[in-house]
Amino acid sequence: MESLMSLTHVEEAEFEHAGAIVGSNPSRRLSPSRTRAKYIAEIEEIRINPIVSKKGFLNFLEEKSIGWSKRFVTVRRPFVFIYNNERDPLERGLINLSSSQIVYNEEQIEMLQNQNTLSVTSKHRGFLMQTLTDKEIFEWLYALNPLLAGEIRSKLARRKQVVQSTPK
């Protein structure tokens, strides 16, 4: 079973024992009144879901390039793994969906003048993604955020009903 390790730093006061040796220098001793802050790594194992919700190619709008870059993506909730191609053994990017916001709306499509685009925004970075075909957008939305995909489908269905029921 694969797993991710996340490291966080926890600040903890160094022990206040008279004559405690600090580091590898035995000549330097701390007095009971003198304390220093020290970082201790806290490791949390996060198990990766073995079930793949969706995999395939998406276009990414890269910051440093002029246009879209085609990347192979695997969604294993709650993570999105980004590879250069489908045979790439290394993950080139990772998005934590549990702490990200996914946006797909008409204003964004009009502003970008690009169909089939969605954005994923995390605390540290944003990603603009584009599906290769029109049919794939709802499949990718469902894999990334099932609630958002259902909400969008119901809005589209209601609009379709209103258009069909209005007299001509």
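A short tour of the structure in this document, coming up. None of these values were measured; they are calculated from a predicted model. (Residues numbered from 1 in each chain as written. Predicted model: local features only at pLDDT ≥ 70, side-chain atom pairs only at ≥ 80, totals over all residues. Heavy atoms only, no water.)

## Here's the deal with the nonpolar core
General note: in soluble globular proteins, nonpolar side chains tend to be found buried as a group.
In step 1: Ranked by internal contacts, the top residues of the largest apolar core, which has 24 residues, are Val-75, Val-80, Ile-95, Ile-102, Leu-118, Met-129 and Leu-141.
In step 2: Of all the elements in the fold, those that place two or more residues in this core are strand S5 (54–61), strand S6 (68–76), strand S7 (79–83), strand S10 (117–121), strand S11 (126–130), helix H2 (136–144) and helix H3 (146–165).
In step 3: For this core, the element with the most residues is H2, which contributes six residues.
In step 4: Beyond its immediate chain neighbours, meaning those up to four positions away, Ile-102 contacts Leu-97, Leu-118, Ser-119, Val-120, Leu-141, Leu-144, Asn-145 and Leu-148.
In step 5: Residues Ile-48, Phe-72, Phe-79 and Tyr-83 belong to the second largest nonpolar core, which totals five residues. (Core = buried A, V, L, I, M, F, W, Y, C linked by side-chain atoms within 4.5 Å. Buried < 20%, exposed > 50% of the residue type's maximum accessible area, 1.4 Å probe, protein only. Helix = DSSP H or I, 4+ residues; strand = E, 2+ residues; numbered from the N terminus. Contact = heavy atoms within 4.5 Å.)

## What about the packing of aromatic side chains?
In step 1: For the structure on display, the rule yields five aromatic pairs.
In step 2: Pairing Phe-60 with Phe-127 gives two aromatic rings, centres 6.4 Å apart and planes at 85°, and the pair type is edge-to-face. Separated by 67 residues along the polypeptide, Phe-60 in strand S5 and Phe-127 in strand S11 bring together distant segments of the chain.
In step 3: Judged by relative accessible area, Phe-127 falls into the buried class, the value being 11%. (Phe/Tyr/Trp six-rings, centres within 6.5 Å; stacked < 30°, edge-to-face > 60°.)

## Topic: the sheet that holds strand S9 (residues 101–103)
In step 1: What the seven strands build is an open sheet, ordered S8-S7-S6-S5-S11-S10-S9; its pairing is antiparallel. Each having just a single partner strand, strand S8 (93–96) and S9 make up the two edges of the open sheet. Strand-to-strand twist in this sheet, taken as the mean axis angle between neighbours without regard to direction, amounts to 35°.
In step 2: Judged from the eight bridges that link them, S5 and S6 form a sheet pairing that is antiparallel. (Pairing = 2+ DSSP bridges. Axes fitted to C-alpha atoms, helices over the stretch in contact; angles between N-to-C directions.)

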